[in-house]
Amino acid sequence: MSTVLNVNSLSKSFGGLRALNDVDLQVDSGEIVALIGPNGAGKTTFFNCITGIYEPTDGDVFFTPHDEEERRVNGMKPNKVTELGMARTFQNIRLFKNMTVLENVMVARHCRTKAGILDALLRPPHVKREEKENIEKSYELLKYVGLNQHYNDLACNLPYGDQRKLEIARAMATEPSLLLLDEPAAGMNPQETASLKELVLDIRDKFNLAILLIEHDMSMVMSLSERIYVMEYGCLISQGTPEEVSKDPQVIKAYLGEESHA
Amino acid sequence: MQGLKQSIITSLWFMFLTFPIMVARVNTIENTVEWRWMNLAYVGVGVFFLSYVWRWALARKEAKQYEAPSTETAKKQSWLSRAMEEPAVARPALAALFALSVAMPMLVTTYQTNIFISFLLYVVLGLGLNIIVGVAGLLFLGHAAFYAIGAYSYALLNHYFGIGFWIALPLGGLFACLGGIMLAFPVLRLRGDYLAIVTLGFGEIIRLVLENWGSLTGGPSGISNIDRPGLFGMELSVADANIYIYYIVLALAIITMIAVQRLKNSRIGRALQALREDEIACQAMGIDRVNVKLMAFGLGTAWAGFAGVIFAAKTTFINPASFTFMESAIILSIVVLGGMGSNLGVILGSAFLVLMPEYLRAFSEYRMIIFAAAMVLMMVFRPQGLIAPKGRKYHVDDPDLIKEGEA
Ligand SMILES: Nc1ncnc2c1ncn2[C@@H]1O[C@H](COP(=O)(O)OP(=O)(O)OP(=O)(O)O)[C@@H](O)[C@H]1O
Ligand SMILES: [Mg+2]
């Protein structure tokens, strides 16, 4: 098994606040890995650092897309990172609210399509073909996550759970080799969470990619992930299989104890 | 009851405030003070009435929001844009409109043709600005500067090098486009109000340069005797030249409309909209923010350049006074009033803001007041503009979907 994401002693400071402190993390291809930790632990900051939205203060992020060389992605622009094959969803949903559901997915195929300004004005046959293919592929993805009924509705009119699903479909449209999900089950009811769990597993198998997941829902984390990293105050405090982590006294103290799950 | 009381208070307050200007008038020749009590009554009754209507409309709007949020109101609101979506309605309507606009110069006087030329120029300007403000969501207050760049490109090239209209037309567009891209670089990081302020400043800089670089641009007195567009070397009378220019603008307006529509529904257009909706998500979806912003500015300002060249050819005389901030504000109002991002809206907006004042000359003194009142009313009661923008509808053939829909 090859490593898709390799993070070495990643640090990020906001002024005096050290939001990430020497974080080491690996994700292998085809693996589902969870990153958990109490509120404010620095999980979202970690995502932002590896996707290029923040520039890390220190450390290295190496990313190996499907069938490609390992690349160092620190300080790369977010769109370049996405183009390489890392896609993400956002904790506080960031859909393109006044665009339709289908358009949201089509936008995400920006880096997999080519049409430029002149193409848009003149619409030669190959551009029409590309556009048609874009619509079809985007629609397929919507169908896959079960949102095809609503493809012409504005994204802001979707119910909350569906908005989260649309975020996943949109991320998948960039054709990633690593999918980063930031609390995908937040605000979902138990049925929705269960179907989301199925969806995540199926995405991994069908698209053959690795998934790194931030989640507060412990049952979901425990049943989905093969390995878990636990973070507190910007530092990793534990890592291992779900069993190992849930028995770790430090984790119980820092996290599971508080939440009294598991 | 509450509303009545509020309105009475407002009315009294207005009577008090306007007392010095509306009631008392000092006659400085005879040194007497004239008391025009009737005016006080007019103000009182007028304000009471307006404020009551205002309150009533607001209350109605709120009630509406609660009762029928979804389909019913949506349908009622956009009958015009819905009609335009229906090919059976839209095609004949467009054809009729086209025939009418082609026949227009034969039907009306030269004076009226002139009005329609400026209407179409504003349509082109509005469509260009719509790319920047409506589609890409960048608040841009310097559009007149690029109109000026286009106009002065032609004026200067013609004045110094004798270059003709048809060569200057693409050049004017190109210069304005390059100007837009140059402006875009320093403002890449700015958004919202900050962007508005910088672009406003840029617009003024261009105007001031034109005004003060007397040796090149002729300063405040501008450049005169600009050639009208040539038609295979024929000499046209002023009236005929006007008609000729009318057709040029009409063609440009139609081309602009088609081009903007195509851009909006393309990969680039979707990227621009994504930028408007959410800059971070847009980048995370693989869109280069810098690229897209430069494109937005360049694509929007190029049209202003074209319009500027035609403006210079139409008036044969230009000076910096034609490109003040007022001009930018009118173009922006056209976009906002019409509905951000909607082409049809831009046409309606320019009809309202350019044609109405011309045909309601009687009210010309109150033009700015009507203008302002219309904007305020729009912002309160229809903030989305005359034509509400909504995502482009696509059609996907999916047999499963129909089955599910029926079930
Ligand atoms: N842009 C920023 N500037 C300053 N501080 C920040 C910034 N972003 C995050 N932080 C801080 O970094 C710390 C980690 O925040 P982060 O959002 O990564 O937490 P999290 O683990 O995702 O929490 P949650 O479970 O609530 O989502 C917090 O103390 C937060 O206030
Ligand atoms: Mg978070």
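Every value quoted in this text rests on a predicted model; they were computed, and no experiment measured them.

The rules we used
Residues numbered from 1 in each chain as written. Chains lettered and ligands numbered in written order. Predicted model: local features only at pLDDT ≥ 70, side-chain atom pairs only at ≥ 80, totals over all residues. Heavy atoms only, no water. Donors = N, O, S within 2.8 Å, 3.2 Å for Na, K, Ca; no water. Helix = DSSP H or I, 4+ residues; strand = E, 2+ residues; numbered from the N terminus. Buried < 20%, exposed > 50% of the residue type's maximum accessible area, 1.4 Å probe, protein only. Domains from an automatic or database assignment. Buried area = accessible area lost by both parts, 1.4 Å probe. Salt bridge = Lys/Arg side-chain N within 4 Å of Asp/Glu carboxyl O. Polar contact = N/O pair within 3.5 Å; in protein donor to acceptor, adjacent residues only side chain to side chain. Near = heavy atom within 4 Å. Areas by Shrake-Rupley, 256 points an atom, 1.4 Å probe, with all protein chains shown as cover. Nonpolar A, V, L, I, M, F, W, Y, C, P; charged D, E, K, R; others polar.

**Brief notes about the coordination of the magnesium ion (ligand 2)**
All names here are of chain A. Protein-derived ligands of the magnesium ion (ligand 2) are T44 (OG1) and Q91 (OE1), with the metal-ligand distances lying across 1.8 to 2.1 Å. Note that T44 is positioned in helix 1 (residues 43–50) and Q91 in the loop between strand 6 (86–88) and helix 3 (101–108), a separation of 47 residues in sequence. Here Q91 falls in the partly exposed class, since its relative accessible area comes to 30%.

**Focus: the domain arrangement of chain A**
Residue and element names in this part refer to chain A. By domain assignment, chain A separates into domain 1 (1–85 + 176–262) and domain 2 (94–173). The C-alpha centroid of domain 2 is placed 26 Å from the C-alpha centroid of domain 1. Of the roughly 1300 Å² buried between domain 1 and domain 2, counting both surfaces, carbon and sulfur atoms make up 71%. Among the residues of domain 1 in contact with domain 2, E83, P176 and L199 are the three that bury the most area, contributing 29% of the side total. The tally of links from domain 1 across to domain 2 stands at zero salt bridges. Linking domain 1 with domain 2 are five residue pairs in polar contact (both at pLDDT 80 or more), by the criterion used here. Of all elements in the fold, only helix 2 (78–84), strand 7 (178–182) and helix 7 (190–207) reach the threshold of two or more residues within the side of domain 1 that touches domain 2. Here the side of domain 1 that touches domain 2 gets eight residues from one element, more than from any other, and that element is helix 7.

**Considering the site of ligand 1**
All names here are of chain A. Around ligand 1, the surrounding shell holds 14 residues, and the nearest of these are G40, K43, T44, T45 and Q91. Here an oxygen atom of ligand 1 and a backbone polar atom of A41 are 3.2 Å apart. Measuring from a nitrogen atom of ligand 1, one finds a side-chain N or O atom of Y54 at 2.9 Å. When the free accessible area of ligand 1 is taken as 640 Å², the share hidden by the protein chains comes to 65%. Breaking the shell around ligand 1 down by element, the ones donating at least two residues are strand 2 (17–28) and helix 1. At three residues, the largest contribution of residues to the shell around ligand 1 is made by helix 1. Residues that form the shell around ligand 1 fall into these classes: five nonpolar, seven polar and two charged.

**Observations regarding the domain arrangement of chain B**
Taken domain by domain, chain B consists of domain 1 (2–66) and domain 2 (90–381). Between the C-alpha centres of domain 1 of chain B and domain 2 of chain B the distance comes to 39 Å.

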